[in-house]
Amino acid sequence: MGLDKYFQHKPGGETAFTIEAPNLKFGLGVLSELGEESQSLGITRAALFVDPHVEKIDHFSKAILSLKNAGIDFEIYNGIEIEPTDRSFKEASKFAQNGKFDGYISIGGGSTMDTAKAANLYATYPAELFAYVNAPVGDARQIPGSLMPHIACPTTFGTASETTGIAIFDILDQDMKTGIAHRALRPTLGLIDPEGLTTLPAAVIASNGFDVFSHAIESYTAKPFTHRPAPEKPSQRPLLQGANPYSDMACLEAIKIVGENIEKAVNQNGSLEELEALSLAGMLAGIGFGNAGCHLPHAMSYAVAGLVKNYKPKDWPSDHPMVPHGISVIVNSPAAFRFTSEACPDRHLKAAEALGVDVRNLPTNKAGKVLGDKVIDLMKKTGLPNGLKGVGYNEADIDSLAENTLPTKRLLDISPRAVDSKILKTIFRDAMSYW
Ligand SMILES: NC(=O)c1ccc[n+]([C@@H]2O[C@H](COP(=O)([O-])OP(=O)(O)OC[C@H]3O[C@@H](n4cnc5c(N)ncnc54)[C@H](O)[C@@H]3O)[C@@H](O)[C@H]2O)c1
Ligand SMILES: [Fe+2]
């Protein structure tokens, strides 16, 4: 038998994968333990990051109470931009540099947690913003050492930013998203309290659910770690290693949980039962993609979000034009899976099976279509836009979408099937509309 045959060894190929487990506490009510957890990490004066909307919800008051009860001094920073930008990362870093903080706390979604990661980094090791940003957009400078303790408390469940060493932002004058990826950015502790999700609007639940879903499927179908060339030095192993046996376990379970809960959570506006399950799925998928890495749908999503025209998501808390992260990903996913399935059809079929599709007797050349159809079915049932046209793009945008995807090399490299500009254009064309 041996390992899954996907991990077949190759001459000169990588033979090892690393498990860097994030430190997490999951459960109803755990946010009330924030004060005590801060104490045990030696935090006496915290920079507390929250967006202006989350600052007003009851869940946030619970965090404040817990910090006060534990005697932790803190200063609130609410200058978060939803879908952060180079501008908002720089402003948050300035706040952090001036505040003499010995710890960071973020309460909110990916936008808030990522902003706190960046502020912690640039306050601890000051540098130009692009110094640590992924190549080729930035210099990808190594982070010299560990950062200040950071407790990340998600109030959404899609990004799993509390589990990853990744911070994503929009470069305003280039209409594209990029990020910083380094293990030092991973929060010291993630406090995942599903009770905080009950105020999420249905639109945010849908966007988050599909983000989780694509994290899990992309990591499960990513290029296997054994297909990377063996590194010359252990320190050259990338943070995102490709599919491996550890990420597989987390991802398959996450796919199954999302499939079972997303429709009900979106259409009945989330009872705590479904939200608790989706929160667990988000955490598992985060463990998976934080270790393996996402590929095409996410790489393409950065261009889709960055080039936004006038699209305003329905029932979204803010009203400026934007394509929310989960939506910018899932509009690409069916077309991307149709393309990648040729490289690893069995894995695409297994993902469809985890979603409840009966895959017995299905030929492997139908794997991409079957998985894509199941994703499209769930998109329709949860009111998602119909592909790229649904978020305001048309055929005339294909060249710029492809061009803005190419710099996201760290994700394209993990695709199980290699892409170039011409192939990306074909996939974007296929993603224009699905029904
Ligand atoms: N770091 C990572 O590993 C990683 C992974 C994927 C995505 N991201 C990034 O994360 C960002 C998206 O984050 P997100 O989807 O978690 O959402 P978000 O932080 O952008 O928030 C979305 C909206 O929901 C509101 N909101 C958040 N929690 C709420 C609650 N409990 N009740 C009511 N409203 C609430 C916010 O105020 C905001 O208006 C993007 O910038 C994306 O690129 C990061
Ligand atoms: Fe994502």
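Conventions used here
- Residues numbered from 1 in each chain as written.
- Chains lettered and ligands numbered in written order.
- Predicted model: local features only at pLDDT ≥ 70, side-chain atom pairs only at ≥ 80, totals over all residues.
- Helix = DSSP H or I, 4+ residues; strand = E, 2+ residues; numbered from the N terminus.
- Rg over C-alpha atoms; globule rule 2.2 N^0.38 Å.
- Buried ≥ 20, exposed ≤ 12 C-beta atoms within 10 Å, placed from the backbone.
- Contact = placed C-beta atoms within 7 Å.
- Core = buried A, V, L, I, M, F, W, Y, C linked by C-beta atoms within 7 Å.
- Domains from an automatic or database assignment.
- Pairing = 2+ DSSP bridges.
- Axes fitted to C-alpha atoms, helices over the stretch in contact; angles between N-to-C directions.
- Parallel < 35°, antiparallel > 145°, perpendicular 65-115°, else oblique.
- Left-handed = near helix turned anticlockwise from the far one by under 90°.
- Nonpolar A, V, L, I, M, F, W, Y, C, P; charged D, E, K, R; others polar.
- Near = placed C-beta within 6 Å.

Caption draft 1: Up close: the overall build of the chain. Broken down by element type, the chain carries 15 helices and eight strands. Over its C-alpha atoms the chain spans a radius of gyration of 20 Å, differing by no more than 12% from the 22 Å that the globule rule assigns to 435 residues. Seen through its C-alpha atoms, the chain measures out along the principal axes to roughly 60 × 50 × 45 Å. Residues counted as buried form 55% of the 435 residues belonging to the chain. Counting only contacts in the chain whose residues sit at least 6 apart along the sequence, the fraction spanning at least 24 positions is 81%.

Caption draft 2: Highlighting the nonpolar core. Ala254, Ile255 and Ala285 are the most contacted members of the largest nonpolar core, which totals 132 residues. When residues of this core are assigned to domains, at least three map to each of domain 1 (24-197) and domain 2 (201-228 + 236-430). Setting aside residues up to four positions removed in sequence, alanine 254 forms contacts with Val212, Ala216, Ala281, Leu284, Ala285 and Gly288.

Caption draft 3: Geometry of the sheet that holds strand 8 (residues 189-192). Strand order in the open sheet made by the six strands is 1-8-5-4-2-3, with parallel pairing throughout. Two strands bound the open sheet, and with one partner strand each, they are strand 1 (24-26) and strand 3 (73-77). Going across the sheet, the axis of each strand differs from the next one's by a mean of 15 degrees, ignoring polarity. One ladder, built from five bridges, connects strand 2 (residues 45-50) with strand 4 (residues 103-108); its direction is parallel. Paired with phenylalanine 49 across the strands is serine 106, a residue of strand 4.

Caption draft 4: Layout of the packing of helix 11 (residues 345-354) against helix 12 (residues 367-381). Close contact between helix 11 and helix 12 brings their axes to 8 Å; oriented N to C, the two are set at 30 degrees. Between helix 11 and helix 12, the interaxial angle falls into the category roughly parallel. Considering only the axes of helix 11 and helix 12, their crossing is left-handed. Counting all contacts with helix 11, which are made through Pro345, His348, Leu349, Ala351 and Ala352, the residues of helix 12 involved are Ala367, Gly368, Val370, Leu371 and Lys374. Each residue belonging to the contact of helix 11 with helix 12 can be placed in one class, and the counts come to seven nonpolar, two polar and one charged.

Caption draft 5: Here's a closer look at the site of ligand 1. In the neighbourhood of ligand 1, 31 residues make up the surrounding shell, with His53, Gly109, Gly110, Ser111 and Thr156 lying closest. Top element by residues in the shell around ligand 1 is helix 4 (residues 110-124). It accounts for four residues. Taken together, the residues that form the shell around ligand 1 break down as eleven nonpolar, 17 polar and three charged.

Caption draft 6: Structural view of the pairing of strand 6 (residues 166-171). Most of strand 6 is tucked away, with five of its six residues classed as buried. Of the pairings in the sheet, the one linking strand 6 to strand 7 (residues 176-181) comprises six bridges and is antiparallel in character. Looking at strand 7, one finds that alanine 167 is bridged to isoleucine 180. As consecutive antiparallel partners, strand 6 and strand 7 are separated by four residues, and within that stretch aspartate 175 has a phi angle of approximately 50 degrees, a positive value.

Caption draft 7: Quick look at the domain arrangement of the chain. Splitting the chain by domain gives domain 1 (24-197) and domain 2 (201-228 + 236-430). The C-alpha-based centres of domain 1 and domain 2 are spaced at 24 Å. Taken together, the residues of the side of domain 1 that touches domain 2 sort by class into 13 nonpolar, eleven polar and five charged.

Caption draft 8: A look at the packing of helix 5 (residues 202-221) against helix 6 (residues 245-267). Relative to each other, helix 5 and helix 6 sit at 155 degrees, their axes nearing to 8 Å. Taken together, the axis directions place helix 5 and helix 6 in an arrangement best described as roughly antiparallel. The interaxial crossing formed by helix 5 with helix 6 has left-handed handedness. The segment helix 5 lies against helix 6, with Ala202, Ile205, Ala206, Gly209, Val212, Phe213, Ala216, Ile217, Ser219 and Tyr220 engaging Ser247, Asp248, Cys251, Leu252, Ala254, Ile255, Val258, Ile262, Ala265 and Val266. Residues of the contact of helix 5 with helix 6, tallied by class, amount to 16 nonpolar, three polar and one charged.

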